[in-house]
Amino acid sequence: MDVASMEVEITSSLSASKLFKMFSDFDTIAPKVIPQTYKSITLMQGDGGIGSIKSVTFGDGTTWKQKIDAIDASNLLVSYTLFEGDASSGIMDTATHHIKCIPSANGGSVYKHTCLIKCKGDAKITEDFINLSKESSKNTFKALESYAIDHPEIY
């Protein structure tokens, strides 16, 4: 089984706590802000906390299940694993994401997103796939960050 990883770091003018709140609201705001990427995110099992299972439907209609692995509000991090999906189903078995919001000295923050992808069987992840995934992660972040900046009453 092949394993691949990616990492994205983006500097933000938003504080780390605001970024963390923004990502805590991801299920609600992502389908509103970037419906071409996220059609819906619905809770299937649990209360939304650790161990909960969600169904993620992407803009192209493909789906993945998402399990919440960790939420640590004091350290501003969240981890989740995508599994049982039809997007890239012939290649990926699971994709475990770790998101951390790190305070910066200037009052802003650094968004750090790492992902560990486990492949099915002999499948391999290409460099093009990793680059597309990084670009998608950056675009998603920038869209959500813009939304948060435009809604200071919430963030």
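Residues numbered from 1 in each chain as written. Predicted model: local features only at pLDDT ≥ 70, side-chain atom pairs only at ≥ 80, totals over all residues. Heavy atoms only, no water.

**Here we look at the pairing of strand β1 (residues 3-12)**
Here β1 shows one buried face, formed by Ala4, Met6, Val8, Ile10 and Ser12, and one open face, formed by Val3, Ser5, Glu7, Glu9 and Thr11. Inspection of the sheet shows β1 paired to strand β7 (residues 109-119) by 10 bridges, in the antiparallel sense. Bridging across to β7, Glu7 finds its partner in Thr114. (Buried < 20%, exposed > 50% of the residue type's maximum accessible area, 1.4 Å probe, protein only. Helix = DSSP H or I, 4+ residues; strand = E, 2+ residues; numbered from the N terminus. Pairing = 2+ DSSP bridges.)

**Brief notes about the sheet that holds strand β2 (residues 38-45)**
Pairing within the open sheet is antiparallel, and its 7 strands lie in the order β1-β7-β6-β5-β4-β3-β2. The open sheet terminates on both sides in strands that have one partner only, identified here as β1 and β2. Ignoring strand direction, the axes of neighbouring strands in this sheet form an average angle of 20°. With 11 bridges joining them, strand β6 (residues 92-103) and β7 adopt antiparallel strand pairing. Opposite Ala95, over in β7, you have Ile117 as the bridge partner. The sheet strands contacting helix α2 (residues 26-33) are β2 and β3 (53-58), and the helix crosses β2 at an angle near 155°. (Axes fitted to C-alpha atoms, helices over the stretch in contact; angles between N-to-C directions. Contact = heavy atoms within 4.5 Å.)

**Concerning the packing of α2 against helix α3 (residues 127-150)**
Two elements in contact, α2 and α3, have axes separated by 10 Å at closest approach and are oriented at 100°. On the basis of the axis angle, α2 is roughly perpendicular to α3. On the side of α2, the interface is formed by Phe26, Ile29, Ala30, Lys32 and Val33, while α3 contributes Thr140, Ala143, Leu144 and Tyr147. (Parallel < 35°, antiparallel > 145°, perpendicular 65-115°, else oblique.)

**A closer look at the pairing of strand β4 (residues 63-72)**
Here 5 bridges tie β3 to β4, and the two strands are oriented antiparallel to one another. Bridging from a neighbouring strand, Thr57 pairs with Thr63 of β4. Taking the residues that link successive antiparallel strands as the turn, the β3-β4 hairpin has 4 residues, and the phi of Gly61 there is positive, at about 90°. Sheet analysis places β4 next to strand β5 (residues 77-83), joined by 7 bridges and oriented antiparallel.

**Let's talk about unusual backbone geometry**
Despite not being glycine, Leu76 shows a phi value in the positive range, around 55°. Looking at the secondary structure, you find Leu76 in the loop between β4 and β5. By relative accessible area, Leu76 is classed as buried at 15%. Even without glycine at this site, Glu84 takes up a positive phi of about 45°. Under the relative-accessibility criterion, Glu84 is labelled exposed at 55%.

**Digging into the side chain of His113**
Its location among the elements puts His113 in strand β7. Engagement of the side chain of His113 in a polar contact is seen with the side chain of Tyr111, the distance being 2.8 Å. At 3.1 Å, the side chain of His113 forms a polar contact with the side chain of Ser137. What His113 contacts, discounting residues up to four positions off in sequence, is Met6, Glu7, Val8, Tyr80, His97, His98, Ile99 and Ser137. (Polar contact = N/O pair within 3.5 Å; in protein donor to acceptor, adjacent residues only side chain to side chain.)

**Some points on the packing of helix α1 (residues 16-24) against α3**
Close contact between α1 and α3 brings their axes to 10 Å; oriented N to C, the two are set at 110°. As summarised for this structure, α1 and α3 are arranged roughly perpendicular, according to the angle between their axes. Within the contact between the two elements, α1 uses Leu19, Met22 and Phe23 and α3 uses Phe141, Leu144, Glu145 and Ala148. Per-class residue counts for the contact of α1 with α3 are 6 nonpolar, no polar and 1 charged. (Nonpolar A, V, L, I, M, F, W, Y, C, P; charged D, E, K, R; others polar.)

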